[in-house]
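Structural overview for review
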Amino acid sequence: MVAVLQRHKLRDFDWLLAILAIGIVSFGAWEIHNAQPTEPFWQKQLIGLAVAFVAMLAIAFTDYRRLVEIAPVLYGLGLVLLIVVLIPHVGMKINGQRCWIKLPGAGQFQA
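Predicted, not measured: the structure shown is a model, and the values here were computed from it. (Residues numbered from 1 in each chain as written. Predicted model: local features only at pLDDT ≥ 70, side-chain atom pairs only at ≥ 80, totals over all residues. Heavy atoms only, no water.)

A few points about the overall build of the protein
Across its full length, the protein carries 4 helices and 3 strands. Secondary structure elements of the protein occur, N-terminal to C-terminal, as α-α-α-α-β-β-β. Relative to a compact globule of 111 residues, whose C-alpha radius of gyration would be 13 Å, the protein shows 19 Å and is clearly more extended. Overall, the protein is about 50 × 45 × 20 Å in size when its C-alpha atoms are taken along their principal axes. Looking at the 111 residues of the protein, the share that counts as buried comes to 7%. A sequence separation of at least 24 residues applies to 31% of the contacts in the protein between residues at least 6 apart. Element-wise, carbon and sulfur atoms account for 70% of the exposed surface of the protein, whose accessible area totals about 9000 Å². Seen as two clouds, the 9 positive and the 6 negative side-chain charges of the protein have centres 9 Å apart. (Helix = DSSP H or I, 4+ residues; strand = E, 2+ residues; numbered from the N terminus. Rg over C-alpha atoms; globule rule 2.2 N^0.38 Å. Buried < 20%, exposed > 50% of the residue type's maximum accessible area, 1.4 Å probe, protein only. Contact = heavy atoms within 4.5 Å. Areas by Shrake-Rupley, 256 points an atom, 1.4 Å probe, with all protein chains shown as cover. Lys, Arg positive; Asp, Glu negative; His and termini not counted. Charge placed at Lys NZ, Arg CZ, Asp CG, Glu CD.)

Overview of the sheet that holds strand S2 (residues 97-103)
Strand pairing in a sheet is mediated by backbone hydrogen bonds. Such pairs are either parallel or antiparallel. Read from one edge to the other, the open sheet built from 3 strands follows the order S1-S2-S3, with strand pairing classed as antiparallel. A single partner strand is all that each edge strand has here, and the edge strands are strand S1 (91-94) and strand S3 (107-110). Adjacent strand axes in the sheet meet at a mean angle of 45 degrees when their direction is disregarded. The pairing of S2 with S3 spans 4 bridges and is antiparallel. (Pairing = 2+ DSSP bridges. Axes fitted to C-alpha atoms, helices over the stretch in contact; angles between N-to-C directions.)

A closer look at helix H4 (residues 67-84)
Between the first and last C-alpha of H4 there are 24 Å, a value that for 18 residues agrees with the 26 Å anticipated at 1.5 Å per step. At Val73, H4 shows its largest kink, close to 30 degrees. (Expected span 1.5 Å × (residues − 1). Bend = angle between axes of the 7 residues up to and from the residue.)

Some points on the pairing of S1
Where S1 lies against S2, 4 bridges are found, and the strand directions are antiparallel. If you follow Lys93 over to S2, its bridge partner there is Arg98. Hairpin connection, S1 to S2: the antiparallel pair is bridged by 2 residues, and Asn95 has positive phi, about 55 degrees.

So, a nonpolar patch on the surface
A cluster of nonpolar side chains, contributed by Tyr64, Leu67, Ile70, Val73, Leu74 and Leu77, occupies part of the molecular surface with about 600 Å² of accessible area. You can call Val73 exposed: its relative accessible area is 58%. (Patch = residues over 30% accessible without salt bridge, like charges linked within 9 Å, V, L, I, M, F, W, Y side chains within 5 Å. Salt bridge = Lys/Arg side-chain N within 4 Å of Asp/Glu carboxyl O.)

Quick notes on the packing of helix H2 (residues 15-35) against helix H3 (residues 41-60)
Two elements in contact, H2 and H3, have axes whose closest approach is 8 Å; the angle formed by their N-to-C orientations is 165 degrees. As summarised for this structure, H2 and H3 are arranged roughly antiparallel, according to the angle between their axes. For the element pair H2 and H3, the recorded crossing hand is right-handed. Where H2 approaches H3, its residues Trp15, Ala18, Ile22, Val25, Ser26, Ala29, Ile32 and His33 are matched on the opposing element by Phe41, Trp42, Gln45, Leu46, Leu49, Phe53, Met56 and Leu57. Counted by class, the contact of H2 with H3 contains 13 nonpolar, 3 polar and no charged residues. (Parallel < 35°, antiparallel > 145°, perpendicular 65-115°, else oblique. Left-handed = near helix turned anticlockwise from the far one by under 90°. Nonpolar A, V, L, I, M, F, W, Y, C, P; charged D, E, K, R; others polar.)

Structure, rendered in structure tokens:
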């Protein structure tokens, strides 16, 4: 088992699962396009797919045991983000919740 964890090769990755997930999301984007062809919702779906695919590859080829080393940094980053949402004009209130951070030019994301 340890030998499997120590080698990270492309052939060890479950490409069938990744292709099936991409196919499902692509089909969903196509259906969104068919439902509302004048709206850009399907394009946002495909952008989200690309970002998620890159994140999936980064996570899949990273040794999970390294997370133990950076866990305090991630915890501190989470605390900082919780404080940032309280700053006026940075933290946005959407649907009664103040948990969104507005980034100029990049949009917004939930902290």
